Amino acid sequence: MIEAMLPLLKPSPYGGRIVNVSSRLGRANGRRNKIGDAILREQLLTDDCLSEELIDGMVTKFLEQVKQNSWSSIEWPQMYTDYSISKLAVNVYTRLMAKRLADRSEGQKIYINCFCPGWVKTAMTDWEGNISAEEGADTGVWLALLPHLKSSRTEMCSHFL
Ligand SMILES: NC(=O)c1ccc[n+]([C@@H]2O[C@H](COP(=O)([O-])OP(=O)(O)OC[C@H]3O[C@@H](n4cnc5c(N)ncnc54)[C@H](OP(=O)(O)O)[C@@H]3O)[C@@H](O)[C@H]2O)c1
């Protein structure tokens, strides 16, 4: 979807903004919920190794293992494994795109970020979060309105980090 939307992002002196809603559960090297495969983890954390093929390969491998009922939580994030892998893919894809978009010239710049809204009272959490939807949205709004910077960069922003 991002590839399809890029040409539609109108050039402006302030640059375009892409904000992906992610989760702290998808951190590649989270303290309590990291991906178990150390080699893959290292690749995902190394900007020069990041590629669509690496990210797709990770997701495809997990889906294949689920189909075959052979997946193990030793290799993958331990908590909410499927959700965490989907958010891990969002996080690393955001970093990959940030690197690609960084070379754009003035007037063509696009800033891409992802963030964790926190644990929010929504249908997804059965309204059990500890903050309101409005509070969960504030980091996303802040990222969408980021001021123009001299160089593009990515941040993983979170109420928890
Ligand atoms: N809530 C949290 O604590 C929390 C924490 C971390 C990250 N997040 C992330 O925040 C984002 C929003 O979550 P939420 O808590 O607001 O969840 P939510 O209350 O369940 O809302 C999800 C929204 O996504 C829409 N949706 C789901 N599948 C879709 C599809 N295939 N195509 C188009 N729209 C679709 C739903 O539309 P309908 O209403 O029409 O079904 C709904 O409006 C998600 O990316 C979630 O992973 C949430």
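As its UniProt record puts it under Sequence similarities (unreviewed entry), the chain is described as follows: "Belongs to the short-chain dehydrogenases/reductases (SDR) family."

A cluster of like positive charges, contributed by Arg24, Arg27, Arg31 and Arg32, occupies part of the molecular surface. For Arg32, the position within the fold is in the loop between β1 (16-21) and α2 (38-45).

Here the focus is the site of the ligand. Taken together, 13 residues lie near the ligand, and Tyr83, Lys87, Gly118, Val120 and Thr122 sit nearest. Here Val120 contributes a backbone N or O atom positioned 2.7 Å from an oxygen atom of the ligand. In the model, an oxygen atom of the ligand is placed 3.4 Å from a nitrogen or oxygen of the Ala123 main chain. Within the shell around the ligand, the residues separate by chemical class into 7 nonpolar, 5 polar and 1 charged.

The subject of this paragraph is the packing of aromatic side chains. For any pair of aromatic rings, the description rests on two quantities: the centre-to-centre distance and the angle between the ring planes. One pass over the full model with this rule turns up 2 aromatic pairs. With 5.9 Å between their ring centres and 70° between their planes, Phe62 and Trp71 make a pair best called edge-to-face. Judged by its relative accessible area of 7%, Phe62 is buried. Between Phe62 and Trp76, the aromatic rings sit 5.3 Å apart at their centres with planes inclined by 70°, giving edge-to-face as the arrangement. With Phe62 in helix α3 (residues 52-67) and Trp76 in the loop between α3 and α4 (81-101), the pair connects residues that are 14 residues apart, well separated along the chain. With respect to class, Phe62 is no different from Trp76; both count as buried.

The phi dihedral of Asn69 is positive, around 55°, even though this residue is not glycine. In this fold, Asn69 is placed in the loop between α3 and α4. We classify Asn69 as exposed; its relative accessible area is 67%.

Mapping Ile18 onto the fold places it in strand β1. Along the sequence, Ile18 and Leu6 sit 12 residues apart, while their C-alpha atoms lie 9.4 Å from each other.

Per-residue pLDDT for the chain has a mean of 89; in total, 92% of the residues score no lower than 70. The weakest mean pLDDT in the chain belongs to strand β3 (residues 156-158) at 40; the strongest belongs to α3 at 98. The model gives residues 151-161 a pLDDT under 50, and that stretch makes 38 contacts with residues more than four places away or in other chains.

This next bit is on the nonpolar core. Among the nonpolar cores identified, the biggest contains 24 residues, and Leu44 and Met58 are the most heavily contacted of them. The set of elements that each furnish at least two residues to this core consists of α2, α3, α4 and β2 (110-116). With residues near it in sequence (within four places) discarded, Leu44 still touches Ile35, Leu50, Leu54, Met58, Leu88, Val92 and Arg95.

Parameters at a glance
- Residues numbered from 1 in each chain as written.
- Predicted model: local features only at pLDDT ≥ 70, side-chain atom pairs only at ≥ 80, totals over all residues.
- Heavy atoms only, no water.
- UniProt positions renumbered as here; feature names shortened; annotations may be inferred.
- Patch = residues over 30% accessible without salt bridge, like charges linked within 9 Å, V, L, I, M, F, W, Y side chains within 5 Å.
- Areas by Shrake-Rupley, 256 points an atom, 1.4 Å probe, with all protein chains shown as cover.
- Salt bridge = Lys/Arg side-chain N within 4 Å of Asp/Glu carboxyl O.
- Lys, Arg positive; Asp, Glu negative; His and termini not counted.
- Charge placed at Lys NZ, Arg CZ, Asp CG, Glu CD.
- Helix = DSSP H or I, 4+ residues; strand = E, 2+ residues; numbered from the N terminus.
- Near = heavy atom within 4 Å.
- Polar contact = N/O pair within 3.5 Å; in protein donor to acceptor, adjacent residues only side chain to side chain.
- Nonpolar A, V, L, I, M, F, W, Y, C, P; charged D, E, K, R; others polar.
- Phe/Tyr/Trp six-rings, centres within 6.5 Å; stacked < 30°, edge-to-face > 60°.
- Buried < 20%, exposed > 50% of the residue type's maximum accessible area, 1.4 Å probe, protein only.
- pLDDT = per-residue confidence, 0-100.
- Contact = heavy atoms within 4.5 Å.
- Core = buried A, V, L, I, M, F, W, Y, C linked by side-chain atoms within 4.5 Å.

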